[in-house]
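A closer look at the structure
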Amino acid sequence: MKVVIVAVGQRMPDWAQTAYDDFAKRFPPDCRVEIKTVKTEPRGSKTLETLYAAERARIEAAIPKGARIVVLDERGSQLTTVALARQLKSWQLEGDDVALVIGGPDGLEPEFKAKAQMRIRLSDMTLPHAFARVLLIEQLYRAWSINANHPYHRE
């Protein structure tokens, strides 16, 4: 199984990149997480529909063919860490590649979100993109550690 985080937006602050890299390198070879960043469409005087369409095209180009699409959305389902671990295990058993998509400053196109196989949220609060990336990779690592009986997660 391959997990790909597709995130709209380019450079993260150094602290966030360091934290992200620290968790990403902890995964074993059979459960690697890759990040693909796609360019944010310049805002200017473009309509929201134009922005969504440009970012959607970049997102779709970054998603591996046949991957299950899971979008991060403030109105998505709330998962506990243990529920995320169960979901991760299910994806592994099914052999599905998974693309977890983090939208840009204006979120994701509504039609793209509607077509996703799953919508989840990381928090009831609005998070800066850098926090969202770090929180997501940490929770994926924690979910993996639960499934692997690794001592990182404690109840």
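Residues numbered from 1 in each chain as written. Predicted model: local features only at pLDDT ≥ 70, side-chain atom pairs only at ≥ 80, totals over all residues. Heavy atoms only, no water.

Within an unreviewed UniProt entry, the label attached to the protein reads Ribosomal RNA large subunit methyltransferase H, and the organism entered is Malikia spinosa. One UniProt comment on the protein, placed under Sequence similarities (unreviewed entry), says "Belongs to the RNA methyltransferase RlmH family." (UniProt positions renumbered as here; feature names shortened; annotations may be inferred.)

1. Considering unusual backbone geometry
The phi torsion of most residues other than glycine is negative, and most of the peptide bonds are trans. Here the phi dihedral of N149 falls at roughly 55 degrees; this positive angle occurs in a residue that is not glycine. For N149, the location among the structural elements is in the segment after α5 (129-147). Using a relative accessible area of 71% as the deciding quantity, one classes N149 as exposed. (Helix = DSSP H or I, 4+ residues; strand = E, 2+ residues; numbered from the N terminus. Buried < 20%, exposed > 50% of the residue type's maximum accessible area, 1.4 Å probe, protein only.)

2. Some details on the nonpolar core
Counting residues in hydrophobic clusters, the biggest one holds 30 residues, and the most contacted among them are I5, F27, V33, L100, I137 and L140. Among the elements of the structure, β1 (3-8), α1 (14-24), β3 (68-78), α3 (81-94), β4 (98-102), β5 (118-121) and α5 are those that each provide at least two residues to this core. The element that contributes the greatest number of residues to this core is α5, accounting for eight residues. Every residue in contact with L100, bar those within four places of it in the chain, is listed here: V3, V4, I5, V6, V70, L72, I120, L136 and L140. Core analysis: the second largest hydrophobic core is formed by 15 residues, V38, I63, I69 and V71 among them. (Core = buried A, V, L, I, M, F, W, Y, C linked by side-chain atoms within 4.5 Å. Contact = heavy atoms within 4.5 Å.)

3. As for the pattern of salt bridges
Applying the stated criterion across every chain, the model contains 17 salt bridges. Across the pair E41 and R58 runs a salt bridge whose closest N-O atoms are separated by 2.7 Å. Taken together, the residues span a long stretch of sequence, with E41 in the loop between β2 (33-38) and α2 (48-62) and R58 in helix α2 at a distance of 17 residues. Of the charged contacts, one joins R68 and D96 as a salt bridge, the two residues approaching to 2.5 Å between their closest N and O atoms. With a gap of 28 residues between them, R68 in strand β3 and D96 in the loop between α3 and β4 connect regions that are remote in the sequence. (Salt bridge = Lys/Arg side-chain N within 4 Å of Asp/Glu carboxyl O.)

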